[in-house]
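This is what each chain is made of:
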Amino acid sequence: MAKRASKKRTQDYVKHIGQVPGTLIYTGEKSDKDFQVECFDYTKENVEESILLNIEEAVNYKETDSVTWINVDGLKHTDKIENIGKQYNLHPLVLEDIVNTTQRPKIDEYEAYLFLVLKMLYYDKNDNLVIEQVSLVLGKNYVLTFQESEGDVFGTIRHRLRHNNGRIRGLKSDYLMYALIDAVVDHYYTIIETLGHKIEDVETELFEGQARDDVNIEIQQLKREILKVRRAIFPLREIISRITKDDQPLIYKRTITYYRDIYDHLIQVSENIDIYREMVWSLMDMYMTTISNKMNEVMKVLTIIATIFIPLTFIAGIYGMNFQFIPELQYKYGYFVLWGIMILMFLAMLYYFKRKKWL
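Scoring rules and cut-offs
- Residues numbered from 1 in each chain as written.
- Predicted model: local features only at pLDDT ≥ 70, side-chain atom pairs only at ≥ 80, totals over all residues.
- Heavy atoms only, no water.
- Core = buried A, V, L, I, M, F, W, Y, C linked by side-chain atoms within 4.5 Å.
- Buried < 20%, exposed > 50% of the residue type's maximum accessible area, 1.4 Å probe, protein only.
- Helix = DSSP H or I, 4+ residues; strand = E, 2+ residues; numbered from the N terminus.
- Contact = heavy atoms within 4.5 Å.
- Pairing = 2+ DSSP bridges.
- Axes fitted to C-alpha atoms, helices over the stretch in contact; angles between N-to-C directions.
- Parallel < 35°, antiparallel > 145°, perpendicular 65-115°, else oblique.
- Left-handed = near helix turned anticlockwise from the far one by under 90°.
- Salt bridge = Lys/Arg side-chain N within 4 Å of Asp/Glu carboxyl O.
- Polar contact = N/O pair within 3.5 Å; in protein donor to acceptor, adjacent residues only side chain to side chain.
- pLDDT = per-residue confidence, 0-100.
- Phe/Tyr/Trp six-rings, centres within 6.5 Å; stacked < 30°, edge-to-face > 60°.

Asks: I'd like to hear about the nonpolar core, residue by residue, with values.
Replies: Membership of the largest hydrophobic core comes to 64 residues, with the highest contact counts inside it found for Ile157 and Met177. Elements with a contribution of two residues or more to this core: strand S1 (36-42), strand S3 (67-73), strand S5 (114-123), strand S6 (129-138), helix H4 (155-163), helix H5 (173-207), helix H6 (215-245) and helix H7 (253-318). Here this core gets 17 residues from one element, more than from any other, and that element is H5. Filtering out sequence-adjacent residues up to four positions away, methionine 177 remains in contact with Leu116, Leu136, Leu138, Val143, Ile243, Ile251 and Tyr259. If you look at the next biggest cluster of nonpolar residues, it comprises 27 residues, including Leu52, Leu90, Tyr113 and Val137.

Structure below.
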């Protein structure tokens, strides 16, 4: 799996070599997904939800007084992404970053909009960690989101828009972007909790001495997941910090407080990641210690067995020599006496080892 991922990254880099800046090349893996444009256009009193069958319809929401959320699924269709970019006057480099799913989370400021890239994390049905890139464009009265495929963590946002829950429909597009980022960050807690349970389960196995033979593979998998999560989450702190500190004309002062709350959540998540990272390293040390202890137990048993048989072998060696005159050889009960002495020595040594708690 790791070799395939490394090969895929290498192929993605090769695709961009020598290309004109702004060339749209999709670098993701979900290439078989359909293209879909979902639209929420709302005011405090009304909301209109629709699926845009014609991409050109998106431009109709650009200059309205209402707030519009346009969610695009399917980054493979670069021609359609480019079409939407032209309608909203997005820079070619922005469009290139949208379809390049290996982007590091970042924020870019343009004259009429803000462009953000962040990572959405979740576990699939096979319990594999999935990292999906989400790109956001914040305009005066709109937010554009671009995802690799259908399915996300924005279900609560849709529910709030449909039923006018909370303050989302009463505020501007900057609050909508906050709500979308907050939904992604809140889902990080689910990822962290799952990782915590996995680490605790492995720790319990190792502590109780019931570790499976492939537990080292699971520990390595946990290390990789922690690094992936850390790489996806840590840069987002810089983005949110920049939003709260810079004077962004598209973000109202009343909304800054909410972004500070996201920053606090990210700090908490980051601290948990660092804790789990140390715990995973400790798991590897514990695993190596467990292996060493098992080896020591085996060596102790073998040493005790060898120690017990050394004097018995010595006695058998003496009376197995080919000398003609050995006094005890002529004794009628010598054979039985010798067995008795050997058994007594065996029992005495077992008793001694138990008293020393070596057994």
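Structure shown, so let's carry the discussion forward.
Asks: Lay out the pairing of strand S7 (residues 142-147) in plain terms, naming residues and giving numbers.
Replies: Where burial is concerned, most of S7 is hidden: six out of the six residues are buried. A two-sided burial pattern is seen for S7, the buried positions comprising Tyr142, Leu144 and Phe146 on one face and Val143, Thr145 and Gln147 on the other. Here S3 runs beside S7; their pairing, made up of six bridges, is parallel. Across the sheet, tryptophan 69 pairs through a bridge with valine 143, a residue of S7. Note that S6 and S7 share five bridges and pair antiparallel. Within the sheet, the bridge partner assigned to valine 137 lies in S7 and is leucine 144. Between S6 and S7, which follow one another and run antiparallel, lie three residues.

Asks: So what about the packing of H5 against H6? Which residues, and what values?
Replies: It is at 11 Å that the axes of H5 and H6 come closest, and there the two elements cross at 155 degrees. Classed by the angle they form, the pair H5 and H6 counts as roughly antiparallel. Regarding H5 and H6, the two cross each other, and that crossing is left-handed. Side by side, H5 and H6 meet where Met177, Ile181, Val185, Tyr188, Ile191, Ile192, Leu195, Lys198, Ile199, Val202, Glu205 and Leu206 of the first sit next to Val215, Glu218, Ile219, Leu222, Glu225, Ile226, Val229, Ala232, Ile233, Leu236, Ile240 and Ile243 of the second.

Asks: Give me the lowdown on the pattern of salt bridges, citing residues and values where you can.
Replies: Tallying each qualifying case throughout the model produces eleven salt bridges. Between arginine 158 and glutamate 38 there is a salt bridge; the shortest N-O distance is 2.9 Å. Remark: glutamate 38 occurs in strand S1 and arginine 158 occurs in helix H4; sequence separation between them is 120 residues. Overall, the relative accessible area of 12% leaves arginine 158 in the buried class. Lysine 198 is the salt-bridge partner of aspartate 127, the closest N and O atoms lying 3.5 Å from each other. Taken together, the residues aspartate 127 in the loop between S5 and S6 and lysine 198 in helix H5 connect sequence positions 71 residues apart. A relative accessible area of 41% places aspartate 127 in the partly exposed class. Exposure remark for lysine 198: the relative accessible area of 15% places this residue in the buried category. It is possible to trace a salt-bridge network through shared partners that takes in Glu38, Asp152 and Arg158.

Asks: I'd like a description of the side chain of aspartate 97, backed by residues and values.
Replies: Summarising the element assignment, aspartate 97 is placed in helix H3 (residues 92-99). Taking the relative accessible area as the measure of exposure, aspartate 97 reaches 10% and is therefore buried. At a separation of 3.0 Å, a polar atom in the side chain of aspartate 97 contacts the side chain of glutamine 103.

Asks: Any chance you could break down the confidence of the model for the chain for me, citing the residues and the numbers?
Replies: The predicted model of the chain averages 85 in pLDDT, with 92% of residues at 70 or higher. Mean pLDDT across the elements of the chain bottoms out in helix H1 (residues 2-16) (50) and peaks in S7 (93).

Asks: Residues and numbers for the sheet that holds S7, please.
Replies: Strand order in the open sheet made by the seven strands is S2-S1-S3-S7-S6-S5-S4, with mixed pairing throughout. One side of each edge strand has no neighbouring strand; the edge strands of this open sheet are strand S2 (47-51) and strand S4 (106-109). Across the sheet, the mean angle from the axis of one strand to that of its neighbour is 15 degrees, orientation sign disregarded. Sheet topology places S1 next to S2; five bridges connect them, and they run antiparallel. By the bridge assignment for S2, cysteine 39 is matched with serine 50.

Asks: Hey, could you go over the pairing of S1 for me, with residue numbers and the actual values?
Replies: Extensive coverage of S1 is indicated by the burial of six of its seven residues. Where S1 lies against S3, seven bridges are found, and the strand directions are antiparallel. Residue valine 37 lies in a different strand from S3, and its bridge partner there is valine 72. Taken together, S1 and the strand that follows it, S2, pair antiparallel across an intervening segment of four residues.

Asks: I'd love a proper account of the packing of aromatic side chains, names of residues and values included.
Replies: Enumeration over the complete set of coordinates arrives at eleven aromatic pairs. Between tyrosine 335 and phenylalanine 336, the aromatic rings sit 5.4 Å apart at their centres with planes inclined by 80 degrees, giving edge-to-face as the arrangement. Among the residues examined, tyrosine 335 registers a relative accessible area of 55% and is labelled exposed. Given the relative accessible area of 58%, phenylalanine 336 is considered exposed. What links up through ring pairs into an aromatic cluster is the set Tyr175, Tyr178, Tyr258 and Tyr259.

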